[in-house]
Amino acid sequence: MYLIPLSLIFLVLSGCSTPKPQRVLTISEQIAEDTETAQNLFMDYQKKVNFVSFPSGERFLNGLAMKIATTPNGLSKEKVKVRIHRDDGNKNLARFFSFPGTTISIPLSFLKEVEYENQLAAAIAFEIANVMNRHLAKKMDQTENRELFGEKSLFSLDRTARQESIEIGTRLLYFSGYDLRGLASLFQRYPDYVLNAQTASNEGLESPQKEVEFNLREAQRAKSEYLPSLQPIVRSAEFITMKKGLKRL
């Protein structure tokens, strides 16, 4: 009878063993990792912008963001904080910035211009969706580029990324009770805040107008998947109060 070496038995058994599947991270766990990845970028951002002190307005915005974020399949227990930054005619700053953790920075000029709460809610929902889809985190994994502003900004999104965020953003709006027409209205009336004209050539994008048309089509398609709400929020008394407070800044 022949003796089989133990080392050979080990090799055969190890070759037949099935690799242990990697555990899928929850949204909270993934965002915690992404927050750490983007921490230095966020610190750099805070040094380069001027934030507005508007306590009553920030309370309203934070409440609005949390209402949207904590809808079913949203960010659940994740806290969302909204900051207001001054753009003062600077096109590089006249846009939204969203960092995992989660902080959304809104340009002051947009808050002064926006007419309806569902448009504001749409902008916040879109940015929350960007964090959930990990657009910033993925870019930081794939490139050494750490530019915040300009043509190579990490925050410029290609069509695939925008389509993904429009789908999730629409769902967040629907379950938080906002009029879904706000998303299409946001893209139509305030396109540069979402798709900065200076970044239109980045990511292989076409002309700004064609990208706006793409956003509108996707927003209308996503809206068609939901039944109309009975009394969707368009503009609340709290929103009107915030708008009056902006005039004093």
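Residues numbered from 1 in each chain as written. Predicted model: local features only at pLDDT ≥ 70, side-chain atom pairs only at ≥ 80, totals over all residues. Heavy atoms only, no water.

Caption draft 1: Local environment of the overall build of the protein. Check the secondary structure of the protein and you find 12 helices and 3 strands. In the protein, buried positions account for 47% of the 249 residues. Residue pairs in contact within the protein that sit at least 24 positions apart in sequence constitute 74% of those at least 6 positions apart. Approximately 13700 Å² of the protein is accessible, and the part contributed by carbon and sulfur atoms is 52%. (Helix = DSSP H or I, 4+ residues; strand = E, 2+ residues; numbered from the N terminus. Buried < 20%, exposed > 50% of the residue type's maximum accessible area, 1.4 Å probe, protein only. Contact = heavy atoms within 4.5 Å. Areas by Shrake-Rupley, 256 points an atom, 1.4 Å probe, with all protein chains shown as cover.)

Caption draft 2: Geometry of the pattern of salt bridges. As enumerated under the stated definition, the model contains 10 salt bridges in all. Close ionic contact of Glu 218 with Arg 221 constitutes a salt bridge, the shortest N to O distance being 2.9 Å. Here Glu 218 pairs with Arg 221, and both are found in helix 11 (residues 208–223), just 3 residues apart, close to one helical turn. (Salt bridge = Lys/Arg side-chain N within 4 Å of Asp/Glu carboxyl O.)

Caption draft 3: Just the side chain of Ser 153, in detail. Within the secondary structure layout, Ser 153 lies in the loop between helix 7 (135–142) and helix 8 (159–175). Classification of Ser 153 as buried rests on a relative accessible area of 1%. At 3.1 Å, the side chain of Ser 153 and the backbone nitrogen of Phe 155 are in polar contact. (Polar contact = N/O pair within 3.5 Å; in protein donor to acceptor, adjacent residues only side chain to side chain.)

Caption draft 4: A look at the packing of helix 6 (residues 117–132) against helix 8. Direction vectors running N to C along helix 6 and helix 8 enclose 120°, while the axes themselves pass 8 Å from each other. Looking at the two axes, helix 6 sits oblique to helix 8. As for the relative orientation of helix 6 and helix 8, their crossing is right-handed in sense. Between helix 6, through Ala 121, Ala 122, Ala 125, Phe 126, Ile 128, Ala 129, Asn 130 and Met 132, and helix 8, the contact on the second element is made entirely by Arg 162, Ser 165, Ile 166, Ile 168, Gly 169, Arg 171, Leu 172 and Leu 173. (Axes fitted to C-alpha atoms, helices over the stretch in contact; angles between N-to-C directions. Parallel < 35°, antiparallel > 145°, perpendicular 65-115°, else oblique. Left-handed = near helix turned anticlockwise from the far one by under 90°.)

Caption draft 5: Region of interest: the pairing of strand 1 (residues 81–85). When you tally the buried positions in strand 1, you get 4 out of 5 residues, the bulk of the element. For strand 1 and strand 3 (residues 103–107), the ladder comprises 5 bridges, and the chain directions are parallel. Within the sheet, the bridge partner assigned to Ile 84 lies in strand 3 and is Ile 106. (Pairing = 2+ DSSP bridges.)

Caption draft 6: Structural detail: the side chain of Ser 236. Following the sequence through the fold, Ser 236 ends up in the loop between helix 11 and helix 12 (237–246). Judged by relative accessible area, which is 17%, Ser 236 ranks as buried. Polar side-chain contacts of Ser 236 include one of 3.3 Å to the side chain of Glu 238. The contact partners of Ser 236, leaving out residues within four places of it in the chain, are Phe 60 and Glu 117.

Caption draft 7: Here's a closer look at the confidence of the model for the protein. In the predicted model, the protein carries a mean pLDDT of 86, and 84% of its residues have values of at least 70. Every residue in residues 197–201 scores below 50 in pLDDT, and together they form 13 contacts with partners more than four places removed in sequence or on other chains. (pLDDT = per-residue confidence, 0-100.)

Caption draft 8: View of unusual backbone geometry. Note the cis peptide between Gly 101 and Thr 102, where omega equals -5°. Mapped onto the fold, Thr 102 is located in the loop between strand 2 (97–99) and strand 3. Unlike most non-glycine residues, Arg 134 shows phi in positive territory, near 65°. By the secondary structure assignment, Arg 134 is in the loop between helix 6 and helix 7.

Caption draft 9: Local environment of the environment of Asp 192. By secondary structure assignment, the location of Asp 192 is in helix 10 (residues 191–194). Its relative accessible area of 42% is what places Asp 192 among the partly exposed residues.

Caption draft 10: A look at the pairing of strand 3. Along strand 3, 5 of the 5 residues are buried, which leaves the element largely enclosed by surrounding structure. Both faces of strand 3 are covered, namely the face carrying Thr 103, Ser 105 and Pro 107 and the face carrying Ile 104 and Ile 106. Pairing of strand 2 with strand 3 involves 3 bridges; the strand directions are antiparallel. By the bridge assignment for strand 3, Phe 97 is matched with Ser 105. The antiparallel hairpin formed by strand 2 and strand 3 contains 3 residues in its connecting segment, where Gly 101 sits at a positive phi of about 140°.

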